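Take a look at the letters that make up each chain.
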Amino acid sequence: MWNTSTRGRMAAIEKKTKRYPSDLTDEEWGALEPLLPQPSGRGRKRTTDLREVVNALRYMVRSGCEWRMLPVHFPPWQTIYWWFRRFVRSLLFRTIHDVALMIDRERAGREASPTAGVIDSQTIKAPMADKRGYDAGKKITGRKRHIAVDTDGRLLAVNLTTADISDSAGAMPILDAIRKRWPWIKHFFADGAYDRRKLLDKAAFLDFVVEVVRRTDNDPGFKVIPRRWVVERSFGWLTRYRRLVRDYERRLDVSEAMIFLAMGNLLVRRISHP
């Protein structure tokens, strides 16, 4: 949550950046540089500064600008886009995010790999998507983000679907992804939308326990529900990045990469400036 001390710390970090608050500080660049593609010993010498490429991508996802509207301080947008597509194909943004996640968990005194998580979904408008669906509950036409986070709200996996896909159906690929990437997880918390026999049977087959945390309507007004509020905060972190307030991407893999780019930025900044 944002408070006076957090704002003061972020202001101090922004003073270290070159031009924009989203620019990499030297500490952040030192953490990211070993994970980026290294220059080849053969062929033409690389002329593009990858630090500027990452700066441009961070600026775009945070500000929500279009590719062609990137400021002139960055390399040409065509160059930025070429590198972005290369990073997407190599799953670089996911790799950076997952490494930063484990470091951040250890910094917080936790085990690097989580053992429990929370599942939920978010429906958003997707004006540029090739395929869209209608979420009758939220009355939104667009896409749905099915995510799993650890018990502190760090993103573990995401599955993007059209908005008409139910929460339980969208969560099933999440379980497969979690079993492969985070094998120590055994327990999930979820709301009543995930209390479906097909999902629970698959969870049991994969050696998961899905605990449904239900809302009690005895008390009127807003009430924080244990465990479930964590994933709502994660959605709040996502929508701090204006590119993610709506899903402006045509392709699902690009949309997923934008999510991991944003959440990876958050974690890299957190561990680089504790």
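Everything here concerns the structure above.
As the structure is a computational prediction, the values presented were derived from the model and not from experiment.

Quick notes on the overall build of the protein chain
In terms of helices and strands, the protein chain carries nine helices and six strands. Burial statistics for the protein chain: of 274 residues in total, 50% are counted as buried. Summarising the internal contacts of the protein chain: among those between residues at least 6 apart in sequence, 63% fall at separations of at least 24.

A short note on the environment of Pro37
Among the secondary structure elements, Pro37 is positioned in the loop between helix 2 (26-32) and helix 3 (50-63). Along the chain, Pro37 and Phe87 lie 50 residues apart, while their C-alpha atoms are 8.9 Å from each other. Setting aside chain neighbours within four positions, we find Pro37 in contact with Arg46, Leu50, Trp83, Arg86 and Phe87.

Points about helix 4 (residues 77-89)
Residues lying three or four places apart along an α-helix face the same way, a consequence of the helix completing one turn every 3.6 residues. Between its first and last C-alpha, helix 4 extends 18 Å over 13 residues, near the 18 Å set by a 1.5 Å rise per residue. Taken together, the buried positions of helix 4 are Ile80, Trp83, Phe84, Arg85, Phe87 and Val88. Tucked inside the fold, the buried residues of helix 4 contact helix 3, helix 5 (92-107) and helix 9 (252-272). Positive backbone phi, at 60 degrees, marks Leu91, one or two positions downstream of helix 4.

Considerations on a nonpolar patch on the surface
Taken together, the side chains of Leu35, Val99 and Ile103 present a nonpolar region at the surface, about 200 Å² in accessible area. You can see Val99 is positioned in helix 5. Assessed through its relative accessible area of 31%, Val99 is described here as partly exposed.

A short note on the packing of helix 6 (residues 167-181) against helix 7 (residues 197-205)
Interhelical geometry of helix 6 versus helix 7 gives an angle of 10 degrees and a closest axis separation of 9 Å. Classified by the angle between their axes, helix 6 and helix 7 sit roughly parallel to one another. Contacts from Ser168, Ala171, Met172, Leu175 and Asp176 of helix 6 reach helix 7 at Lys198, Leu199, Lys202 and Ala203. Residue classes in the contact of helix 6 with helix 7 are distributed as five nonpolar, one polar and three charged.

Observations concerning the nonpolar core
Leu57, Leu70, Phe84, Phe93, Ile178 and Phe188 are the most contacted members of the largest nonpolar core, which totals 74 residues. Element by element, the count of residues in this core is highest for helix 9, at 12 residues. Apart from the residues within four sequence positions on either side, Phe93 is in contact with Leu57, Phe84, Phe87, Val88, Ala257, Phe260 and Leu261.

Regarding the packing of aromatic side chains
In total, this model carries 11 aromatic pairs according to the counting rule given. Arranged with centres 5.1 Å apart and planes meeting at 85 degrees, the rings of Trp82 and Trp83 form a pair that is edge-to-face. Trp83 sits in the buried class, given a relative accessible area of 6%. Through a chain of ring-to-ring contacts, the aromatic side chains of Trp67, Tyr81, Trp82, Trp83, Phe84, Phe87 and Phe93 assemble into a single cluster.

Quick notes on the pattern of salt bridges
Pairs can form between side chains of opposite charge whenever their charged atoms are close. Summed over all chains, the structure comprises 23 salt bridges. In this structure, Asp253 and Arg85 form a salt bridge, with 3.8 Å as the shortest nitrogen-oxygen distance. Of this pair, Asp253 sits in helix 9 while Arg85 sits in helix 4, and the two are 168 residues apart along the sequence. On the basis of relative accessible area, Asp253 is assigned to the partly exposed category, the value being 31%. Of the charged contacts in the structure, one is a salt bridge between Lys186 and Asp207, with a shortest N-O distance of 2.9 Å. With a gap of 21 residues between them, Lys186 in the loop between helix 6 and strand 5 (187-190) and Asp207 in the loop between helix 7 and strand 6 (209-212) connect regions that are remote in the sequence.

With respect to helix 9
The terminal C-alpha atoms of helix 9 lie 30 Å apart, and with 21 residues this matches the ideal 30 Å at 1.5 Å per residue to within 8%. Counting buried positions over the 21 residues of helix 9 gives 18, a clear majority of the element.

Here we look at the pairing of strand 6
Alignment of strand 5 against strand 6, held across four bridges, turns out to be parallel. Across the sheet, Phe189 pairs through a bridge with Glu211, a residue of strand 6.

Quick notes on the environment of Arg270
Along the chain, the position of Arg270 falls in helix 9. Considering only alpha carbons, one finds Arg270 and Ala100, 170 residues apart in sequence, at a separation of 9.1 Å. The residues touching Arg270, leaving out its near neighbours within four places in the chain, are Asp104, Arg107, Arg154 and Trp237.

Some remarks on empty space enclosed by the protein
Following the criterion strictly, the structure yields one cavity of 30 Å³ or more and no others. Considering only enclosed or pocket space, the largest cavity measures out at about 130 Å³ in volume. Elements with a minimum of two residues in the lining of the largest cavity: helix 3, helix 5 and helix 9. No other element matches helix 9, which puts five residues into the lining of the largest cavity.

Rules behind the numbers
- As a convention, each chain's residues are numbered from 1 in the sequence order in which they are written.
- The model is predicted, so local features are restricted to residues of pLDDT at least 70 and side-chain atom pairs to those at 80 or more, both for listing and for counting; the totals for chains, interfaces and linings are taken over all residues.
- Based on all heavy atoms of the structure, the side-chain values leave hydrogens and waters out of the count.
- Segments assigned H or I by DSSP are reported as helices when at least four residues long, segments assigned E as strands when at least two residues long, and all are numbered from the N terminus.
- Burial status follows relative accessibility: with a 1.4 Å probe on protein chains alone, a residue under 20% of its type maximum counts as buried, one over 50% as exposed, and anything between as partly exposed.
- Contact definition: two residues touch when any of their heavy atoms are within 4.5 Å.
- To estimate how far a helix should extend, the number of its residues minus one is multiplied by 1.5 Å.
- Patch members must show over 30% relative accessible area and no salt bridge, and they are joined within 9 Å when carrying like charges or within 5 Å when they are nonpolar side chains of Val, Leu, Ile, Met, Phe, Trp or Tyr.
- Here, Shrake-Rupley sampling with a 1.4 Å probe gives the accessible areas, and only protein chains in the shown set may cover a residue.
- The salt bridge definition used is simple: a Lys or Arg side-chain nitrogen within 4 Å of an Asp or Glu carboxyl oxygen.
- Here the axes come from fitting lines to C-alpha atoms, over the contacting stretch only for helices, and the angles between their N-to-C directions go from 0 to 180 degrees.
- If an angle is under 35 degrees, it is roughly parallel; if it is over 145, roughly antiparallel; if it lies from 65 to 115, roughly perpendicular; otherwise it is oblique.
- Note on residue classes: Ala, Val, Leu, Ile, Met, Phe, Trp, Tyr, Cys and Pro are nonpolar, Asp, Glu, Lys and Arg are charged, and everything else, Gly too, is polar.
- Working definition of a nonpolar core: buried Ala, Val, Leu, Ile, Met, Phe, Trp, Tyr and Cys residues. They are joined through side-chain atoms within 4.5 Å.
- Only rings of Phe, Tyr and Trp enter the pairing, Trp through its six-membered ring, and a pair is recorded when the two centres are within 6.5 Å. The plane angle decides the type: under 30 degrees is stacked, over 60 is edge-to-face, the rest tilted.
- Two strands make a pair as long as DSSP finds a minimum of two bridges between them.
- A 1.4 Å probe that fits into a set of points on a 1 Å grid over the protein atoms alone but cannot get out defines a cavity; an open set with protein on both sides within 12 Å along at least five of seven lines defines a pocket, and lining residues are those with an atom within 4 Å of a point.
- Grid points are joined across faces, edges and corners, and a volume is the space filled by probe spheres set on the points.

These figures capture arrangement, not role.
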